[in-house]
Amino acid sequence: MNLGRELISGDAIQRRVRELAGDISRDYRNAERPIILLSVLKGSVCFATDLSRHITVPVNFDYVAVSSYGSGTESSGHVQLLKDLTMDVTGRDVLMVEDIIDTGLTTSFLFEHVQRHRPASLKLCVLLNKEERRITPVPISYKGFDIPNAFVVGYGLDYDELYRNLTAVHVLEP
Ligand code: 5GP
């Protein structure tokens, strides 16, 4: 597998991140307590970190980890929780931050998991959306970009743990 063409430039990502952070700051301006940015390891760390730097309301960070892909490019469809929440989210405003939504299986699994803790609100912010691959519908409140059905890497997204540090999103080519 090789790094293919640039799909979204680093500049375009940063512009969109600032816009999303503006929308989030406006929507949560009356929140009584800090919002919990719940990022899904490891892919969404770059996105959640950049986003948080432009959000103007108080935020807390928490992280969960799941496995669904293994080291290949096709979802196994089987989602497993590898690392649970460390904060008590009951009664809190939780914003889940995802790198990419493909089939929707991972996100709907995590949504149900967090809902069981009875947060005051739970919304989803995703950088990349592959709509045509969706199996389970997921309620996206904040979306960076719709992308075609290709396997992408960069800006947190990996192939076999590589390419996460790239500033742009690239297509991976055989
Ligand atoms: P879903 O459960 O929606 O099918 O897949 C979600 C997870 O699969 C993402 O969080 C991500 O880890 C992985 N994934 C889906 N599509 C891609 C892709 O194009 N590139 C990479 N690197 N990971 C992907």
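Thresholds applied
- Residues numbered from 1 in each chain as written.
- Predicted model: local features only at pLDDT ≥ 70, side-chain atom pairs only at ≥ 80, totals over all residues.
- Heavy atoms only, no water.
- Core = buried A, V, L, I, M, F, W, Y, C linked by side-chain atoms within 4.5 Å.
- Buried < 20%, exposed > 50% of the residue type's maximum accessible area, 1.4 Å probe, protein only.
- Helix = DSSP H or I, 4+ residues; strand = E, 2+ residues; numbered from the N terminus.
- Contact = heavy atoms within 4.5 Å.
- Pairing = 2+ DSSP bridges.
- Near = heavy atom within 4 Å.
- Polar contact = N/O pair within 3.5 Å; in protein donor to acceptor, adjacent residues only side chain to side chain.
- Areas by Shrake-Rupley, 256 points an atom, 1.4 Å probe, with all protein chains shown as cover.
- Nonpolar A, V, L, I, M, F, W, Y, C, P; charged D, E, K, R; others polar.

Student: Can you lay out the nonpolar core for me, pointing to particular residues and giving the numbers?
Tutor: Nonpolar side chains in soluble globular proteins tend to be buried together. Of all hydrophobic cores here, the largest spans 29 residues; its most connected members are Ile8, Ile24, Phe47, Leu51, Leu128 and Val152. Of all elements in the fold, only α1 (10-27), β2 (35-41), α2 (45-54), β5 (93-101), β6 (121-129), β7 (142-146) and β9 (169-173) reach the threshold of two or more residues within this core. With six residues, α1 is the single largest residue contributor to this core. With sequence-adjacent residues up to four places away left out, Leu51 is seen in contact with Val17, Leu20, Ala21, Ile24, Val97 and Cys125. Ranked by size, the runner-up nonpolar core spans 18 residues in total, among them Ile36, Leu38, Met96 and Leu122.

Student: Explain the sheet that holds strand β8 (residues 152-153) to me, and be specific about the residues and the numbers.
Tutor: Spatial strand order, β1-β9-β8: three strands in an open sheet with antiparallel pairing. For this open sheet the edge positions go to β1 (2-8) and β8, each flanked by a neighbour on one side alone. Two elements, β8 and β9, share two bridges in a ladder whose sense is antiparallel. Paired with Val153 across the bridge in β9 is His170.

Student: Break down the site of the ligand for me, citing the residues and quoting the values.
Tutor: By nearness alone, 16 residues border the ligand, and Thr103, Gly104, Thr106, Val152 and Asp158 come closest of all. One of the side-chain nitrogen or oxygen atoms of Thr103 is found 2.5 Å away from an oxygen atom of the ligand. A distance of 2.5 Å separates an oxygen atom of the ligand from a polar side-chain atom of Thr106. Look at the ligand: alone it shows 510 Å² of surface, and the protein chains cover 92% of it. Only β5 and α3 (105-115) provide two or more residues apiece to the shell around the ligand. Examining the composition of the shell around the ligand, we find that four residues originate from one element, β5, more than from any other. Looking at the shell around the ligand residue by residue, the classes come out as eight nonpolar, three polar and five charged.

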